[in-house]
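Here are the chains, one letter per residue:
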Amino acid sequence: MKLWQGRFKKDVDSRVNDFNSSISFDGRMYRQDITGSIAHATMLGECGIIEKSESDKIVAALTEILSDIEDGKQEFSVDAEDIHMNIETILTSRIGDTGKRLHTARSRNDQVALDIRMYLLDEIKVIKKRVLELLAAISDKAKLHTDTVMAGYTHLQRAQPVTFAHYILAYAQMLMRDYDRLCDTERRTAVMPLGSGALASTTYPINRERVAELLGFPKVTENSIDGVSDRDFVLELSSDLSLLMMHMSRFSEEIILWCSSEFGFIELDDAFSTGSSIMPQKKNPDVAELVRGKTGRVYGDMMALYSMMKSLPLAYNKDMQEDKEAIFDAIDNTLICLEVFTSMFATMTVRADRLRRAAAQGFINATDLADYLVKKGMPFRDAYKVSGTLVAYCIDNSKTLEELSVSELRDVCEIFDEDVYEAIDLMNCVNGRKVRGGPAKESVLYQIEIVDRFLEENK
Ligand code: ARG
C-alpha cells in the first residue's frame with residue numbers, strides 16, 4: 001500500500017512501481033534522511049506542533065532504525081519507492097500512529113533537497129581530505145627533487161630547464177585551487193531548505209532556524225520555490241570534480257609517458273602496475289590510464305546533470321531524481337581515483353639520471369645562450385638568431401651547445417668568451433631563474449613552503 005494511496009482507485013502498474021523507485025540508489029542517504037527527520041521531529045515537538053512525548057518517541061525510534069540499518073538488520077523495500085518513504089514506513093510499522101505525525105509541515109520535495117545537501121556536504125569533506133593527501137605526497141616528493149634537473153616541455157618538445165620539484169609543484173597549485181573550489185561549493189551547499197514544503201512552505205508555525213541549528217547549517221534558504229527547485233549545488237560539485245579529474249588526468253598522462261622506455265623518467269612500484277596476459281615483459285601503468293579514462297566518465301556525469309536540469313519549469317519535477325546516480329557516480333569515481341593515484345605517485349621512483357640526460361640533449365639552454373649575449377649588450381632578437389644558428393650547427397655536427405669550443409662559437413659571434421660555459425650550465429640556468437614562481441631552488445623551496453602552509457591551515 002502506498003503512503004500516497006488516498007486519491008487513487010487502482011494499484012500502480014508494477015512496471016511503473018519499479019520505474020519510479022529510487023531506493024536502489026538513494027538508499028545510501030539513509031543517515032542523512034534519518035538525521036534530518038530527527039531534527040524536524042525535535043523542532044515539531046519544541047514548537048508544540050506535535051506533542052513533546054510524540055516527538056521523543058519518534059526520535060527514539062528513528063535512532064533505533066538508524067542503528068539497525070547500520071547493523072544490517074533493516075532492509076528497504078522497492079514498493080516504498082525512495083529512502084524518504086522507506087524510513088517513514090519503517091517508523092510507522094514500529095511505533096504506529098505516532099510515526100504518521102513525522103511528515104507534518106514537510107514534503108518529500110524539501111526533504112530530498114535537505115538530504116542531498118547533507119549527503120554532498122559529508123562527501124565533500126572526504127574529497128577535500130583526499131586532495132590534501134595528494135598535496136602532501138607532492139610536497140614530500142618535491143623536497144627530494146629540488147636539484148633534479150629536467151627539461152620542461154612545450155608542444156611536447158624539450159623547451160627550457162626546470163627541476164622535477166618545480167614540475168610537480170605546478171600540479172600542487174592546481175590541486176590547491178581545486179580544494180578552494182570545493183570549499184566554495186561547500187559554502188553554497190550548506191543552506192537548509194526544510195520548511196520550503198512542496199513549494200509554498202507551510203502554515204504551521206515551524207522554526208526553520210532551529211532545524212538549521214540542530215543540523216549545523218549556517219543558513220536557511222530564503223525562497224520556498226528556490227529551496228525545492230534548484231540543484232545548482234549538485235551541478236557545481238560535478239563541475240568541481242570534473243576540473244579536479246582533468247588535473248589528475250593530465251598528471252596521469254605524464255606518468256604514462258614518463259614510465260615508457262622512450263622517456264624512462266620514472267618507474268612505477270610493482271604494486272601499482274599490472275602485467276599483460278600475453279607479453280611477459282610488460283609492466284603497464286593501468287592505474288594512471290584508468291584515472292585518465294574515468295575523467296571522461298565524470299565529465300559524462302556532469303553533462304547528464306546539466307542536461308537534466310536545463311529546461312525544467314519550477315518547482316520540483318521528478319526528472320530531478322536523476323541527479324543522484326550521476327553525482328554519486330562522479331563522487332565515487334573521483335574518490336577512488338584520488339586514493340589510488342596518491343599511492344601510485346608516492347611509491348614511484350624518479351630516475352634523476354634519465355631526466356638529466358634528456359635535458360642535456362634538447363638544446364634547452366638555447367634561450368640562456370641568447371640571454372648571455374643580451375647581457376653583453378646585444379639586442380635579444382639578434383642574440384636569438386645567433387643561438388638558433390649555433391643550434392643548427394650542433395644538429396649538423398651531432399654536438400650539444402656546451403660541447404662547442406670558444407672558436408666554434410666565435411665563428412658565429414665574436415662576443416663569446418670562456419664564461420659562456422657557466423652561463424649555459426643546466427643547473428645554473430635553472431638557478432638563475434630566481435623570480436617568484438621560477439624553478440630556482442630558492443623559489444621552489446618557497447613554493448614548497450606555500451603547500452606545507454596550506455596543508456597546515458586546512459588540517
Ligand atoms: N525520490 C524523489 C527524488 O529523489 C524524492 C522527491 C519526490 N517528490 C515527489 N513529489 N515525487 O527526487
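Scroll up for the structure.
Residues numbered from 1 in each chain as written. Predicted model: local features only at pLDDT ≥ 70, side-chain atom pairs only at ≥ 80, totals over all residues. Heavy atoms only, no water.

(A) Layout of the packing of aromatic side chains. By the definition in use, this model includes 11 aromatic pairs. Ring centres 6.4 Å apart and planes at 50° place the aromatic pair tyrosine 153 and phenylalanine 263 in the tilted group. Residue tyrosine 153 is located in strand S1 (residues 149–154), and its partner phenylalanine 263 is located in the loop between helix H10 (232–258) and strand S5 (266–267); the two are separated by 110 residues in the primary sequence. Classification of phenylalanine 263 by relative accessible area gives buried; the value is 17%. Among the aromatic residues, those joined into a ring-pair cluster are Tyr171, Phe251, Phe341 and Phe345. The aromatic ring of phenylalanine 345 is capped on one face by lysine 141, whose charged end is 5.7 Å from the ring centroid. (Phe/Tyr/Trp six-rings, centres within 6.5 Å; stacked < 30°, edge-to-face > 60°. Helix = DSSP H or I, 4+ residues; strand = E, 2+ residues; numbered from the N terminus. Buried < 20%, exposed > 50% of the residue type's maximum accessible area, 1.4 Å probe, protein only. Lys NZ or Arg CZ within 6 Å of the ring centre and 35° of its normal.)

(B) View of the nonpolar core. Formed by 107 residues in total, the largest nonpolar core has its most connected members in Leu135, Ile138 and Ile255. Counting residues per element, this core draws most heavily on helix H6 (residues 108–144), which supplies 15 residues. When near neighbours in sequence (up to four residues on either side) are disregarded, isoleucine 138 contacts Ile168, Leu169, Tyr171, Ala172, Leu175, Phe251 and Phe345. Phe363, Leu369, Cys413 and Val420 belong to the second-largest nonpolar core, a separate cluster that totals 19 residues. (Core = buried A, V, L, I, M, F, W, Y, C linked by side-chain atoms within 4.5 Å. Contact = heavy atoms within 4.5 Å.)

(C) Broad picture of the site of the ligand. Around the ligand, the neighbouring residues are Ser22, Asp26, Asp82, His84, Arg108, Asn109, Val112, Tyr316, Gln321 and Lys324. At 2.4 Å from an oxygen atom of the ligand is found a side-chain nitrogen or oxygen belonging to tyrosine 316. When residues of the shell around the ligand are assigned to their parent elements, the largest contribution, 3 residues, is made by H6. (Near = heavy atom within 4 Å. Polar contact = N/O pair within 3.5 Å; in protein donor to acceptor, adjacent residues only side chain to side chain.)

(D) Structural context of unusual backbone geometry. Cis rather than trans, the peptide bond between leucine 314 and alanine 315 has omega equal to 5°. With respect to the helices and strands, alanine 315 occurs in the loop between helix H11 (286–309) and helix H12 (323–347). Even without a glycine there, the phi angle at glutamate 81 is positive, about 65°. With respect to the helices, strands and loops of the structure, glutamate 81 is situated in the loop between helix H4 (52–70) and helix H5 (83–95). In this model, histidine 155 sits at a positive phi of 55°, which is unusual for a non-glycine residue. Positionally, histidine 155 belongs in the loop between S1 and strand S2 (157–163). Accessibility expressed as a relative area gives 74% for histidine 155, which makes it exposed.

All quantities given are derived from atomic positions and should not be read as evidence of function.
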